[in-house]
Amino acid sequence: ETHAMLSLSTSFSLALKSMRSISLGALALCGLLCIAHAQSLGGVSLPSKSAAAKGAAAAASTSSSWTAARLRNAEPFPAPTFNAAAATVAAAAPASAQVQAAVAAASSFDGSSGSPPTNTAPAENTVLFSPKSVQRRSKRSATPSTSTPAPRPPQYFASSPLVPMTSDTSYPYRAVGALFFSASEATGIPSGDYFCSASVVGKRLIMTAGHCVHSGLNGMSGFFSDFLFVPAMRNGTAPFGAWSINGGAVSFDWFSGNGTVPNVADYAVLYVEDLNNVSLAARVGKLGVAYGVVAPNHVTQLGYPCNINSCRRMHRVDSSSHRFGGNNCFEYGSDMRQGVSGGPWVQNFGVLGAGQPLPSFPKRLFRNAVVGVSSYAPEDESQRFLGASNFYKPVLNELFDIACDGISMSECR
């Protein structure tokens, strides 16, 4: 059985802000459901994203409610289960034909490359907590499968911790980090503190899996709260600080999908407040985004898997497109598991060497561009792969617009 690791073509706003009132008629016209107050989200208690509250929120980011004990005890986010019988049906057609169909239906092949930080202050290595020395597992067990998963051919990939370990403070690694958050019983999962992986994709934006923002269950009560992003986290230290989240969006496909995978749009975008009057991308740089090109492609997967080094260090897997997973999702070989959810799949990762030729395929020219985020993996760990939703440009851009609400695009993205 395959299940989501941690986690919407019409979007659902995670409107964790006091925003202007919007009529239901207007919402229906624009295809969005926007919430006027954080209290409406069933326990989400992030600060308002408004010009007046912005400075206060930024100042509060260093005095978060996250204690060392809470950070240390946070669990990798529990994974919704996947109907393996459906996977058998989805895999019936030849993968090549499905890839071609998905590519043909994808959004226009454009996007942007990443960019390094402009703030050159050295890493601070602030100690947030002393990590546990044992592997952590989600407190929620996956539902046992009663069906036989579809057979899969071998998956090929290279997997390694970052070498040297301090590479995580260099760009583009430093644009990836751990995302902490809390869940109440109202979300449909056990209450507690959890974490996912995420990456910086805008001046003040991060991207993660939809299921790292909303459980996929219980409507508006399914939203999580108290988000905190720690770029380049290593062994409980925060070399570039801990950043508060103030609003964002998940796609309606995830919000209304009952927590099942593969999901057509298991991704989310969150707005990050400045820290010490510096934007997130200025401090750590940002990755680009490329639409509709998760496959065929080759990617570098990054995140904080708990089956490797006990979630304490960033891990890297290099892989190429393996197979079509159904429902706009593609699978790549990988041995990373819980904790990696929401971690970026990056095409053309790294920096160019002097004289290095550019890719001959125009759709692959964007460097350090996120083409997907880790969404699901097999329950049977002898099957080593991850799945991700292919980005659909109109949906993802809508999420960017919602997350940036009230902020100019030049200041947000």
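Up top is the structure.
The paragraphs below set out a description of the structure included in this document.

Conventions and cut-offs
- Residues numbered from 1 in each chain as written.
- Predicted model: local features only at pLDDT ≥ 70, side-chain atom pairs only at ≥ 80, totals over all residues.
- Heavy atoms only, no water.
- Core = buried A, V, L, I, M, F, W, Y, C linked by side-chain atoms within 4.5 Å.
- Buried < 20%, exposed > 50% of the residue type's maximum accessible area, 1.4 Å probe, protein only.
- Contact = heavy atoms within 4.5 Å.
- Disulfide = S-S within 2.5 Å.
- Helix = DSSP H or I, 4+ residues; strand = E, 2+ residues; numbered from the N terminus.
- Polar contact = N/O pair within 3.5 Å; in protein donor to acceptor, adjacent residues only side chain to side chain.

With respect to the nonpolar core
- In terms of nonpolar packing, the biggest core is built from 77 residues, with Phe180, Ile206 and Leu396 touching the most fellow members.
- Once residues lying within four places of it in the same chain are set aside, the contact partners of Ile206 are Leu179, Ala198, Ser199, Val200, Val201, Phe229, Ile245, Ala268, Val269, Leu270, Val272 and Leu280.
- Core analysis: the second largest hydrophobic core is formed by 18 residues, Val293, Phe330, Tyr332 and Ala369 among them.

Examining the state of the cysteines
- According to the stated counting rule, one finds three disulfides in the structure shown.
- Cys306 shares a disulfide with Cys311; S-S distance 1.9 Å. Taking the sign of the torsion about the S-S bond as the criterion, the disulfide between Cys306 and Cys311, at about 120 degrees, is right-handed. The pair Cys306 / Cys311 is uniform in exposure class, with both members buried.
- Between Cys404 and Cys412 runs a disulfide, and the two sulfur atoms are separated by 1.9 Å. Taking the torsion about the S-S bond as the criterion, the Cys404 to Cys412 disulfide, at about -80 degrees, is left-handed.
- You can call Cys404 buried: its relative accessible area is 2%.

Brief notes about the side chain of Asp226
- Looking at the secondary structure, you find Asp226 in strand E9 (residues 225-231).
- Given the relative accessible area of 17%, Asp226 is considered buried.
- Of the polar contacts made by the side chain of Asp226, one reaches the side chain of Arg70; its length is 3.0 Å.

Keep in mind these values describe shape, not function.
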